[in-house]
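Coordinates in review
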Amino acid sequence: MTSYTAPTKDMQFVLHEVLKVTETGLPGYEELERDFTEAVLEAAGKVASEVLAPLNAVGDTKGCVLENGVVHTPEGFDTAFAAMKEGGWTALDLDPEYGGQGMPYVMGTAVGEMFVSANMAFNMYQGLTHGAYSAIHVHGTEDQKRTYLPKMVSCDWTGTMNLTEPHAGTDLGMLRTKAEPQDDGSYKITGQKIFISAGDHDLAENIIHLVLAKAPGGGEGTKGISLFIVPKVLVKEDGTLGARNAVTVGHIEEKMGIHGNATCVMNYDGATGYLLGDLHKGMRAMFTMMNEARLGVGLQGYAVAVGAYQNAVAYAKERLQGRAVTGAENPSGPADPLIVHPDIRRTLMDQKSFLEGARAFTLWGAHLIDRSHRANDADAEGLISLLTPVLKGFLTDKGFETAVNAQQVYGGHGYIEESGMSQFVRDARITMIYEGANGIQALDLVGRKLAQDGGKHVMAFFDMVKTFLKENEGNEALKESFLDPLKAASKDLQAAGMFFMEKGMKNPNAALSGSYDFMHLFGHVCLGLMWARMARAADAALQGGTTDKAFYETKIATGRYYMARQLPMTATHLARIISGAAPVMALSADQF
């Protein structure tokens, strides 16, 4: 049986000493005093470790069951979901006008990490609802908001998004689901959707599906797509539930992981739907939810690995195996613990340095979203738009790798289901695929985001790094271990961008062949920047006479490891990028 402990101290460090949330001037951030955030995080951590984590293996082994058209979640999920609702955790960062608590998104993100680490499959029921809520909140009519949002905030009703069809995955222009207009202003939705997370379950009295479909007159491709609200149970004018809608579950997908979440095939047979947003402009409304989901999936990618890492550390300290090469460290025992061995230390440091950097990166991204929404900051909106594919793609790739490395610490026991490590690996794997496979994230980054607004946002990122380096150039404690490596990595990123500008227009394959490497190169630079910021904060605490020297010294040592052992990968990625398209495109299709 695995266990989980919420990393509240590390979160507090990022919030208050790196991001300095109370000094930002953002509306709502003045309430994020240390005592307040500590109380919220400690309470959420208790829910995560005591309520959700014990159900993680249950969800994995029992899974969801479809009986007589109803999906039943694993034993204990209903009680845990009720506890989440009662504690207000489903409403943490949602609009108070509809029953939410109105906290900043950065707090919802920190709490969300804990819930994902404890039980990713369970958390998806409320996580998908959050995204559907956001789409209705931004694009819905006042009547739609009044009808659906209060119940979705409380999770009395949950939400989904329905994009994928059997023949159309990423290429949404190929979808066939139809929307026929009715005299009363509604539409009849007919078609089949697959891979619908939380598509049906017994945790809520209604499920609000957001469904992409084509209405007449929209033309071909994605330009003809509209987005519709399709409730599982129709809602009467007085807000009470009425008749069951013509939407059913075909079957539950049998998956590699996240067994506790019902991933459904959904059949729409003339179901009543209501247009959300503008007709034939469904992609705009859907991407409100999709972009939020991509940041959330990036969080999932590393958060699952946090649980894996914690258990690997505990195992490495307890498991006796071999002797330290420098002499026995447990002379009274038959062997030394695994953690004395340099290679075990290496893999644990790989994990620790990535996870702490990923946490800072994600919370910074959530802060940018708060800046965008709470201060109408267009520059923050542009920067988080640029970074979203990096957050999603890089953090899920490395998160899965981290979960595998944690499993490896266990040796053969990691391959045995009893240890629980297999579940972390299997659950983490989907994050690289859904909400846009990572290859698509890389294409989006290089093909669209770099050139967005004339390249303004990537240039702003480079200026941010340059400004940080200049502001801290006199700090000798940071120079060799943090500033110099960050400067070199940033130059690699700029060189890759210049290569795309010079070669990409003439030979698009030259740019796209290097897009995946660019996404990882960018990710490493972002984590390098985060580690430099964390090192500065830790050094300031040490210089200020902190009584917790061990915490800050550990932080700096972990950051040094990342800068010395991981950040140099930017040079490898650059070398691959400038090799161009020739090595990638050398074979004809029939030569594979």
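Residues numbered from 1 in each chain as written. Predicted model: local features only at pLDDT ≥ 70, side-chain atom pairs only at ≥ 80, totals over all residues. Heavy atoms only, no water.

**Some thoughts on the pattern of salt bridges**
In plain terms, the rule: Salt bridge, as used here, is a side-chain nitrogen of Lys or Arg placed within 4 Å of a carboxyl oxygen of Asp or Glu. The numbering of helices and of strands both runs from the N terminus, where a helix is a DSSP run of H or I of at least 4 residues and a strand a run of E of at least 2. A 1.4 Å probe rolled over the protein chains alone gives each residue an accessible area, and that area as a share of the maximum for its type sets the label: buried under 20%, exposed over 50%, partly exposed in between.
With the rule as written, the count across this model stands at 28 salt bridges. Note that K9 is salt-bridged to D548, the shortest N-O span being 2.3 Å. One end of the pair, K9, is in helix α1 (residues 8-18); the other, D548, is in the loop between α15 (515-543) and α16 (549-566), and 539 residues separate them in sequence. Of the residues examined, D548 reaches a relative accessible area of 26% and is grouped as partly exposed.

**Focus: the environment of G250**
Quick note on the threshold: Residues are treated as being in contact if the distance between any of their heavy atoms lies within 4.5 Å.
Relative to the helices and strands, G250 is located in strand β10 (residues 247-252). A residue is classified by how much of its surface remains accessible, and G250, at 35% relative accessible area, is partly exposed. Placed 58 residues apart in sequence, G250 and Q192 show a C-alpha to C-alpha distance of 9.0 Å. Those residues within four positions of G250 in sequence are excluded, and the remaining contacts are L66, V265 and N267.

**Quick look at unusual backbone geometry**
A positive phi angle, close to 60 degrees, is found at F195, a residue other than glycine. Among the structural elements, F195 can be located in strand β5 (residues 187-197). A positive phi is found at E435, a non-glycine position, where the angle reads about 60 degrees. One can find E435 in the loop between α10 (421-429) and α11 (438-449).

**Re α1**
Since the α-helix packs 3.6 residues into each turn, any two residues three or four apart lie on the same face. Most of α1 is tucked away: 10 of the 11 residues are buried. Within the span of α1, buried status applies to T8, D10, M11, Q12, F13, V14, L15, H16, E17 and V18. Positioned one or two residues after α1, K20 has a phi angle of 50 degrees, which is positive.

**Brief notes about the side chain of D397**
So the rule is basically this: In this tally, Asp and Glu contribute negative charge and Lys and Arg positive charge; neither His nor the terminal groups of the chain are included.
Position of D397 among the secondary structure elements: in helix α9 (residues 378-409). In this structure D397 is buried but unpaired, with R429 as the nearest side chain of opposite charge at 6.4 Å. With residues up to four places along the chain from it excluded, the contact list for D397 reads M432, N438, Y516, M519 and H520.

**Points about a negative patch on the surface**
To keep things clear, this is the line we draw: Candidates for patches are residues over 30% relative accessible area with no salt bridge; among them, like charges are joined within 9 Å and nonpolar side chains (Val, Leu, Ile, Met, Phe, Trp, Tyr) within 5 Å. Surface exposure here means Shrake-Rupley accessible area, sampled with a 1.4 Å probe, where a residue is shielded only by the protein chains that are shown. Where a charge sits is defined by one atom per residue type, namely NZ (Lys), CZ (Arg), CG (Asp) or CD (Glu).
A surface patch of negative charge is lined by E33, D35, E38 and E42. For E33, the position within the fold is in the loop between α1 and α2 (34-52).

**A short note on the packing of helix α5 (residues 105-139) against helix α6 (residues 142-153)**
Where we set the bar: In this analysis, axes come from line fits to C-alpha atoms, helices being fitted only over the stretch in contact, and the angle between any two N-to-C directions falls in the range 0 to 180 degrees. An angle counts as roughly parallel when it lies under 35 degrees, as roughly antiparallel when it exceeds 145, as roughly perpendicular when it falls between 65 and 115, and as oblique in every other case. For any pair of crossing helices, the crossing counts as left-handed if the nearer helix is rotated counterclockwise from the farther one by less than a right angle, and right-handed if it is rotated clockwise. Put simply, Ala, Val, Leu, Ile, Met, Phe, Trp, Tyr, Cys and Pro go in the nonpolar bin, Asp, Glu, Lys and Arg in the charged bin, and everything else, Gly too, in the polar bin.
Relative orientation of the contacting elements α5 and α6 amounts to 160 degrees, with a least axis distance of 10 Å. On the basis of the axis angle, α5 is roughly antiparallel to α6. Relative to α6, α5 is oriented so that their crossing is left-handed. Contacts between α5 and α6 involve T129, A132, Y133, I136 and H137 from the former and Q144, K145, Y148, L149, M152 and V153 from the latter. The residue makeup of the contact of α5 with α6, split by class, is 7 nonpolar, 3 polar and 1 charged.

**A closer look at the pairing of β5**
For clarity, the threshold we go by: Two strands pair if DSSP finds at least two bridges between them.
Where strand β4 (residues 178-181) and β5 come together, 4 bridges link them in antiparallel fashion. Within the sheet, the bridge partner assigned to E180 lies in β5 and is K188. The hairpin formed by β4 and β5 contains 5 residues between the paired strands, and G185 there has a positive phi angle of roughly 95 degrees. As defined by bridge partners, β5 adjoins strand β11 (residues 263-276) across 9 bridges and the pair is classed as antiparallel.

**Regarding helix α12 (residues 456-471)**
Keep this limit in mind: Here, expected helix span is obtained from the residue count minus one, scaled by 1.5 Å. As used here, the arc is the angular range of directions from the helix axis to the C-beta atoms.
Between its first and last C-alpha atoms α12 spans 22 Å; for 16 residues at 1.5 Å apiece the expected length is 22 Å, and the two agree. Burial in α12 covers these residues: H457, V458, F461, F462, V465, F468 and L469. In a view along the axis of α12, the buried residues occupy a sector of 155 degrees, so they form one face of it. Pointing more than 90 degrees away from the buried face of α12 are the exposed residues K470 and E471. Next to the buried residues of α12 lie α8 (342-375), α9, α13 (476-503) and α15.

**Examining the packing of α1 against α8**
Where α1 meets α8, the axes come as close as 10 Å, and the angle between the chain directions of the two elements is 45 degrees. When the axis of α1 is compared with that of α8, the two are oblique. Crossing of α1 over α8 shows right-handed handedness. From α1, D10, M11 and V14 reach across to α8, where they touch E356, R359, A360 and L363. Grouping the amino acids of the contact of α1 with α8 by side-chain chemistry returns 4 nonpolar, no polar and 3 charged.

**Notes on the pairing of strand β9 (residues 241-244)**
Two elements, strand β8 (residues 233-235) and β9, share 2 bridges in a ladder whose sense is antiparallel. Each bridged residue has a counterpart across the sheet, and for V235 the counterpart in β9 is L241. Turn length for the β8-β9 hairpin, with the two strands adjacent in sequence and antiparallel, is 5 residues, and the turn residue G239 shows positive phi of about 90 degrees.

**Some details on the packing of aromatic side chains**
One pair of aromatic rings is described through two measures. These are the centre distance and the angle between the planes. Using the following cut-off: Here is the rule: rings of Phe, Tyr and Trp (six-membered ring for Trp) pair when centre to centre is within 6.5 Å. Planes less than 30 degrees apart are stacked, more than 60 are edge-to-face, and the remainder are tilted. Only when the NZ atom of a Lys or the CZ atom of an Arg is both within 6 Å of the ring centre and within 35 degrees of the ring normal do we say a charge sits over the ring.
A complete count under the given rule lists 16 aromatic pairs for this structure. Between the aromatic rings of W89 and F115, the centroid separation amounts to 5.9 Å while the plane-to-plane angle is 85 degrees, which identifies the pairing as edge-to-face. Pair noted here: W89 is in the loop between α4 (77-86) and α5 and F115 is in helix α5, with a separation of 26 residues, a long-range link. Owing to a relative accessible area of 13%, W89 belongs among the buried residues under this scheme. By relative accessible area, F115 is classed as buried at 1%. By way of ring pairs, the aromatic residues F461, F462, F499, F500, F518 and F522 are connected into one cluster. Directly above the aromatic system of F400 lies the positively charged group of R429, at a separation of 5.5 Å from the ring centroid.

**As for the nonpolar core**
Cut-off, in case you're wondering: In these notes, a set of buried Ala, Val, Leu, Ile, Met, Phe, Trp, Tyr and Cys residues joined through side-chain atoms within 4.5 Å is what counts as a nonpolar core.
In this structure, F115, F361, F461, F518 and F522 are the most contacted members of the largest nonpolar core, which totals 188 residues. The element best represented in this core is helix α7 (residues 282-318), accounting for 20 residues. Excluding its chain neighbours within four sequence positions, the residues that come into contact with F361 are L387, V390, L391, L395, C526, L527 and M530.

**Some thoughts on the environment of K555**
Along the chain, K555 falls in helix α16. Accessibility expressed as a relative area gives 4% for K555, which makes it buried. Through-space distance from the C-alpha of K555 to that of W531 is 8.9 Å; in sequence the pair is 24 residues apart. Apart from residues no more than four positions distant in its own chain, K555 is found in contact with D10, F13, E356, W531, M534 and A538.

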